Amino acid sequence: MSICPYFDLDNNLCDVGEDYTSPYDVVAMSHFCSCRYQECDKFDMLVKSHPEVIDNAAEQNEPQQEIQVAAQAIHKPQPRVSRNPIKIKFGNKWPLAHRLKNVTSSYQLNLLNSDHSKESDSLGTELTSREKTTMQPQTIKNRGLQVVLAGTGINLALGILYTWSIFKGAISDSIAAGGQGAFNWDAASINDPYAVACLAFAAAMILAGKCQDKLGPKVTCAIGGLLVGAGFVWISQTTNYWAWVVGFGMMAGTGIGFGYSAATPPALKWFSPAKTGLIAGIVVSGFGLASVYIAPLAKYLLATVGLQQSMMYFGIAFAIVVSGLGMLISNPPEGYVADPAANNAAAKSVSSVPDLKPSQLFTNARFYTLWLCFFIGSGAGLMVIGSAKGLAKASMGEMAFLVVVIMSVGNAAGRLIAGVVSDKIGRATTLCIMLAFQAVLMFAAIPVLGSDSSSPILVALLVTAMVFNYGTNLSLFPSFAKDSWGMKHFGMNYGLLFSAWGVGAFVLVRVSEMLKVKTGSMDSSFIVAGVLLLVGAMMAMSLRTQKAPAAVTETEEAFVDEEEMVLQKVQE
C-alpha cells in the first residue's frame, strides 16, 4: 500500500498528521494518505507547486509507481509557478466530534428544504391561475380589514361637510351682529358654500375615480387631504363671500371628493360580492358619524377661538389625518379572488356582470334611473341636514347643536343597516322602501317642525329618521354600481353616478333656501321633497331584477308526443 510522498515531509507543505491530530486528519490519513492520495484535492495542488518532491522520490527508486502515474497527468512545465507553501486554514478542517452532529443535522435540514423548494417550484409551474388566486386570501386575509378601517377613518375626517349647519349658524350670527370683520353676506346666499361644496364633491368623484383606477388610492387620498387642508386654511383668513365659495366650496369640496373616492372602492374589492352592502355601509358610515365628535368640538372652538381660527385648526388636522390614513389603503393584487370557494347566488350573479366602460353608461337605461333616484334621495336628505340646527332651534334653543350629533348617528346607522338589508332582500326593494318612508317623514315634518310648541324629543327623532333614510343612499348606490357595471372601472363609473348627489344637493338645497326666504317656513320645501320622493320610489320599482319566463318547450313536446301516440293507436 503506497503512501503519499508529501505526508509527514514538511509542515509547510502538508500539515495532515502534524502537531494536533484532529478527526479530519484521521479521516484523511485513512482514506487518502495511505491508499488513494491521487484523489486528494491537496495532492493535486502540491504536485503543481512542488514537483521536485515527486522527482526526488523517483530518484530514490521508491515503490511509487502510482505516484508517477498520477503525477504524469498533472505535472506539466508551467512558467513561474508559485513556490510559496500552501497554508491550510483551521476553519477548512472538519469539525471536532462534539460539533459533527450539529453540522450533519444542519446539512440534512438544508438539503430537505432545498428539495421541498424544488418541488414547490415545479408544482407552481403546473398550477393554473385560478389555483394560485385561491391561495391569496389566506396570506393577505387581514389586509382587507386594514383597508376598511383606514377608509372609515378617512370618512370620519371628511364628514365635516355635514356639520355645515353649525358653521352656518355662526355666519348668520355674524351677519346679524355686523361691525368690523363681520360677514357681510346676503341672507339667501348663506348656504352657497355648502351647496357648491356638494357640487364640487360630486364632480370631483368622476376625476378622482379615474385617478383611483390609474394611480391608486394612496395618491388620490394625498391629493384630497391637501386640498381640504388648503381650502380650510384659506377661509380662516377671510370673511369674503367668494373666498368661502372657492375655499370651502371648490377646494374643500374637491378634496372631500378625492378622499371619499379613494376609501370605498378599494374596500369593496377586498371582499366577496355577498358582503358588498355590509362593507360599503361600514366605510361610508364614517362620513355620517363624523358629526358625533366634530359638532361638539366645533361648538367648543367657536366659543373659545372663533370661526376663523377653528377653520385653521380643522384644516391642518384633516390634511394630516386624510393623507396619513391614505397610506394604509391599497387595491388588491391583480387576479385576487376574495372568496373563491363561495358558490352562493350572489357570487354567481356578479361573475356574470360585464365590466362596462364609463362611456357605455350613457347608453344604459338603468344608469339614468339610478341617477334620478340618487338625485332625489340625496337632495331631499341634504336639504334637511344643511338646515338641521335651524329646524331644531325653535324648540331646543341653544341645545339645538345636539340634533346634529344625534342625526349623525342616524346617518351612519342608515348606511350600515341599509347595506346589510340590501344584501338580504335586494338593492331595489330596499331603495323603494327607504324612499317611500322618507316621503312619509317629509309630510309628517310639516306639522311637527312648523310648530314652535313641538316636543324637542319628537323633533330630534323626526330629523334623525330623515337623515337615517338619507344615509341609506350612500351605501345602496355604490352597491348598485358594483352589481350593475362590474369592478374594473368602478371608480369612474360610481363617480358618474355620484354626480347625482352633487346636483341634487346644489339644486334642492338652493330651492329650499329660496322657498324658505320667500315663504318664511320650510313647509313648501317639505311638500316638494315629499312628492319627488314618491316619484323616486316608483322609479326604484323598475330596478328590480325581472325573473326569466318559464320555458315551455318541454311541455309542447310532451303534447306532441301524446298526439302522435293517439294517432298511432288509431292507425293500428
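These notes cover the structure that comes with them. Nothing here was measured: the structure is a model prediction, and the numbers come from that model. (Residues numbered from 1 in each chain as written. Predicted model: local features only at pLDDT ≥ 70, side-chain atom pairs only at ≥ 80, totals over all residues. Heavy atoms only, no water.)

Structural notes on the overall build of the protein
Part 1: Helix and strand counts for the protein come out as 24 helices and 0 strands.
Part 2: Residue pairs at least 24 apart in sequence account for 84% of intrachain contacts in the protein once pairs closer than 6 positions are excluded.
Part 3: For the protein, the accessible surface area stands at approximately 28300 Å², while carbon and sulfur atoms represent 62% of it. (Helix = DSSP H or I, 4+ residues; strand = E, 2+ residues; numbered from the N terminus. Contact = heavy atoms within 4.5 Å. Areas by Shrake-Rupley, 256 points an atom, 1.4 Å probe, with all protein chains shown as cover.)

Re a nonpolar patch on the surface
Part 1: Side chains of Phe 443, Ile 527, Val 531, Leu 534, Val 535 and Met 538 sit close together on the surface and give an oily, nonpolar patch of about 510 Å² of accessible area.
Part 2: Sort the elements by how many residues they give to the nonpolar patch and helix H23 (residues 523-541) lands first, with 5 residues.
Part 3: Note on placement: Val 535 falls in helix H23.
Part 4: Given a relative accessible area of 36%, Val 535 falls into the partly exposed group. (Patch = residues over 30% accessible without salt bridge, like charges linked within 9 Å, V, L, I, M, F, W, Y side chains within 5 Å. Salt bridge = Lys/Arg side-chain N within 4 Å of Asp/Glu carboxyl O. Buried < 20%, exposed > 50% of the residue type's maximum accessible area, 1.4 Å probe, protein only.)

Quick notes on helix H13 (residues 276-289)
Part 1: Over its 14 residues, H13 extends 20 Å from the first C-alpha to the last, a length consistent with the 20 Å expected when each residue adds 1.5 Å.
Part 2: Of all the bends in H13, the largest measures some 30° and sits at Val 283.
Part 3: The element H13 is largely enclosed, with a buried count of 11 among its 14 residues.
Part 4: Thr 276, Gly 277, Ile 279, Ala 280, Gly 281, Val 283, Val 284, Ser 285, Gly 286, Phe 287 and Gly 288 are the residues of H13 that are buried. (Expected span 1.5 Å × (residues − 1). Bend = angle between axes of the 7 residues up to and from the residue.)

Regarding the nonpolar core
The tendency in soluble globular proteins is for nonpolar side chains to be buried as a group.
Part 1: With 107 residues, the main nonpolar core has Leu 161, Trp 244, Phe 314, Tyr 494, Phe 498 and Trp 501 as its most contacted residues.
Part 2: It is helix H21 (residues 456-485) that contributes the most residues to this core, 13 residues altogether.
Part 3: Those residues in contact with Phe 314 that sit more than four places away from it in its chain are Ile 160, Phe 167, Phe 232, Ile 294, Leu 297, Ala 298 and Leu 301.
Part 4: Among the nonpolar cores identified, the runner-up in size contains 9 residues, and Tyr 6, Cys 14, Phe 43 and Val 53 belong to it. (Core = buried A, V, L, I, M, F, W, Y, C linked by side-chain atoms within 4.5 Å.)

Some details on the packing of aromatic side chains
Part 1: Enumeration according to the criterion identifies 26 aromatic pairs in this entry.
Part 2: Look at Trp 185 and Tyr 241: their rings are 5.4 Å apart centre to centre, the planes differ by 85°, and that puts the pair in the edge-to-face class. Taken together, the positions of Trp 185 in the loop between helix H9 (164-177) and helix H10 (192-215) and Tyr 241 in helix H12 (residues 241-269) put the pair 56 residues apart, joining distant regions of the chain.
Part 3: One aromatic cluster is present, built from ring pairs that chain together Phe 201, Tyr 260, Phe 287, Phe 374, Phe 477, Phe 480, Phe 490, Tyr 494, Phe 498 and Trp 501. (Phe/Tyr/Trp six-rings, centres within 6.5 Å; stacked < 30°, edge-to-face > 60°.)

Here we look at the side chain of Ser 479
Part 1: Tracing the chain through its elements places Ser 479 in helix H21.
Part 2: Taking the relative accessible area as the measure of exposure, Ser 479 reaches 0% and is therefore buried.
Part 3: Those residues in contact with Ser 479, other than ones at most four positions away along the chain, are Thr 276, Gly 277, Ala 280 and Arg 427.

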